[in-house]
Structures are given as structure tokens and as C-alpha cells.
Amino acid sequence: MGYDVIIACDFSSKSDTLQFLDRFTDRKPFVKIGMELFYAEGPDIVREIKKRGHRIFLDLKLHDIPNTVEKAMRTLARLDVDMANVHAAGGIRMMEAAKRGLTKEDGTCAALIAVTQLTSTSRWMMNNELGIPGEVTDIVTAYAKNASAAGLSGVVCSPLEAGMIHDACGNQFLAVTPGIRFADSPADDQKRITTPADADRIGSDYIVVGRPITQTEDPVSAYERCVTEFCKQRSRL
Ligand code: C5P
């Protein structure tokens with residue numbers, strides 16, 4: 001897997017999404033399709049975007065018993081997505097089952113990553129509502145180690161945690177990070193944010209960027225700015 005900027009296509013309909021993607025004529029960005037769009041439009045939206053030449057991160061965050069997750073992943077494997085995810089809270093057996101399900105007959109498998117703790121989870125909530133004691137960063141690290149033990153490719157985490165994840169699980173283990181803002185753009189509802197350049201410095205492998213690209217007058221320029229800032233230290237793109 002490479003190193004790239006992923007645009008979070010948080011639109012509610014196929015027409016809005018395709019209209020947005022039509023603007024990208026030179027380069028076909030890696031895009032993230034989440035629950036909102038997938039539940040609204042079904043698997044056809046994935047096929048359509050794939051057909052247009054984009055790589056796809058299907059962000060459905062599966063979490064169920066291992067057998068159910070394996071079968072669901074087998075269905076998603078047929079969509080030929082490039083990245084998919086599960087909740088690490090489902091445990092090692094569930095993550096292993098997800099990997100088996102996502103592995104195609106020829107032995108290839110999309111990057112499978114795990115959500116450790118949602119960025120909407122505070123320490124208080126984790127300790128008192130979820131009944132998990134300790135610091136959020138300790139649980140994030142422990143869950144990342146479980147994901148690594150289950151053979152997953154990486155985790156979704158805050159860009160501020162990317163270095164910690166690599167220290168715990170190695171540099172090949174992917175840190176896929178939302179929570180990215182340009183120095184001069186609003187934080188919106190994101191709390192622990194970094195710029196694309198800082199995400200690169202701290203160690204993100206992929207940054208997931210939504211509103212700073214989708215909600216601007218000129219999304220193509222915003223995307224190119226993101227790529228330039230994130231990738232300027234490296235030469236993989
Ligand atoms: O618009 P914005 O750049 O905040 O979008 C970030 C994207 O990453 C959204 O699709 C959001 O759901 C997703 N995400 C996140 N924090 C997580 C996991 C996913 O912001 N912990």
C-alpha cells in the first residue's frame with residue numbers, strides 16, 4: 001500500500017457524489033465512502049466510482065460475531081474495494097474472520113484496518129459508559145496490537161497518535177488518520193486536529209480529509225494543496 005490523501009465523500013446521494021468527482025479530471029483521488037452514502041445508494045455506488053478509476057476505502061466499521069463479519073466481508077470483497085474496516089472492539093477472532101472474508105480466491109486482500117476508539121469517545125465516556133478503565137491512548141495502543149496480531153494492515157486513529165501506533169506495531173502498520181485541517185481552515189466539530197504537513201511529520205500513512213476539500217469553492221485546488229502539503233517530504237506520489 002502507498003501513502004496518499006483520501007477524500008471523505010460524505011454526500012447523501014449518488015448525484016451529489018458524482019457531480020463532485022466529475023471536477024477531478026487530471027487525477028483520480030482515493031475516496032472514502034461511508035455509511036451514509038452506502039446505505040442510501042447501495043453497492044452500485046461503489047461499482048460506479050470504481051469504474052471511474054478511483055481507489056475506494058469503504059468505511060462501514062463492521063462489528064458483529066466473527067461468522068457474520070466474515071460473510072459480510074466476503075460480499076464486500078466482490079466489490080473490489082481497496083480498503084475496508086472493522087471495530088477492533090470486536091476482538092482478535094472477529095478481526096481474523098474479517099480478514100479471511102476479505103481475502104479473495106487468488107489470495108489477495110484489500111487493506112483491512114481497525115477503528116480503535118472513535119474520536120468522539122472521551123476518557124470519561126470510555127471509563128464510565130463503556131466500562132473500560134485507563135487512558136484512551138493505552139486502549140488505542142492495546143487495540144492496535146490486537147489488530148496487528150489478527151493480521152490487519154493498520155488502524156484508523158488520530159494523526160496525533162500515528163507515531164505511537166508505529167512505535168507499538170511497526171512502521172509497516174498503517175496509521176489512517178482523519179482530523180486534518182489546513183492551518184487557515186475551520187476545525188468544524190473535529191477536536192484533535194493537525195495540518196497535512198504535521199500529519200506527515202508525525203507519521204500518518206493516509207490522511208482522510210472531508211470538509212476542507214468537499215465544502216470549498218474549488219475542491220480540486222484544495223485537494224492538490226493537501227497532496228502537496230502532506231507529500232512534500234516524500235516522493236511516493
Ligand atoms: O470533514 P472531515 O474532514 O472532518 O471528515 C473526516 C471524515 O473522517 C468523516 O467521514 C468522518 O466520519 C471520518 N472519521 C473521523 N474520525 C474518526 C473516524 C472517522 O472524522 N475517528
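For the structure itself, consult the block above.
Residues numbered from 1 in each chain as written. Predicted model: local features only at pLDDT ≥ 70, side-chain atom pairs only at ≥ 80, totals over all residues. Heavy atoms only, no water.

The next thing to look at is the packing of helix α5 (residues 92-102) against helix α7 (residues 136-149). Contact geometry of α5 with α7 gives a least axis separation of 9 Å together with a crossing angle of 45 degrees. By the angle between their axes, α5 is oblique relative to α7. Our pair here, α5 against α7, has a crossing hand that is right-handed. Two secondary-structure elements touch here, α5 through Ile92, Met95 and Glu96 and α7 through Asn146, Ala147 and Ala149. Tallied by class, the residues present in the contact of α5 with α7 amount to four nonpolar, one polar and one charged. (Axes fitted to C-alpha atoms, helices over the stretch in contact; angles between N-to-C directions. Helix = DSSP H or I, 4+ residues; strand = E, 2+ residues; numbered from the N terminus. Parallel < 35°, antiparallel > 145°, perpendicular 65-115°, else oblique. Left-handed = near helix turned anticlockwise from the far one by under 90°. Contact = heavy atoms within 4.5 Å. Nonpolar A, V, L, I, M, F, W, Y, C, P; charged D, E, K, R; others polar.)

The next thing to look at is unusual backbone geometry. Positive phi values are uncommon outside glycine, yet Lys61 reaches one of about 45 degrees. Within the fold, Lys61 resides in strand β3 (residues 56-62). The phi dihedral of Asp188 is positive, around 55 degrees, even though this residue is not glycine. Tracing the backbone shows Asp188 in the loop between β7 (174-177) and α9 (196-202). For Asp188, a relative accessible area of 43% corresponds to the partly exposed category. (Buried < 20%, exposed > 50% of the residue type's maximum accessible area, 1.4 Å probe, protein only.)

Neither face of β7 is exposed, since Leu174 and Val176 on one face and Ala175 and Thr177 on the opposite face are all buried. Both strand β6 (residues 154-156) and β7 contribute to a ladder of three bridges, which runs parallel. If you follow Val155 over to β7, its bridge partner there is Ala175. As judged from the two bridges shared by β7 and strand β8 (residues 206-209), these two strands associate in the parallel manner. From the neighbouring strand, Val176 faces β8, where its bridge partner is Tyr206. (Pairing = 2+ DSSP bridges.)

As a further point, take the site of the ligand. Lining the immediate surroundings of the ligand are Ala8, Asp10, Lys32, Thr119, Pro178, Arg181, Gln190, Val208, Val209, Gly210, Arg211 and Pro212. For the ligand, an oxygen atom lies 2.7 Å from a polar atom in the side chain of Asp10. Contact between the ligand and Gly210: an oxygen atom at 2.8 Å from a main-chain N or O atom of the residue. Burial of the ligand by the protein amounts to 83% of the accessible area it has alone, namely 470 Å². Going through the elements one at a time, β8 and α10 (211-214) are the ones with two or more residues in the shell around the ligand. Of the residues contributing to the shell around the ligand, the split by class is five nonpolar, three polar and four charged. (Near = heavy atom within 4 Å. Polar contact = N/O pair within 3.5 Å; in protein donor to acceptor, adjacent residues only side chain to side chain. Areas by Shrake-Rupley, 256 points an atom, 1.4 Å probe, with all protein chains shown as cover.)

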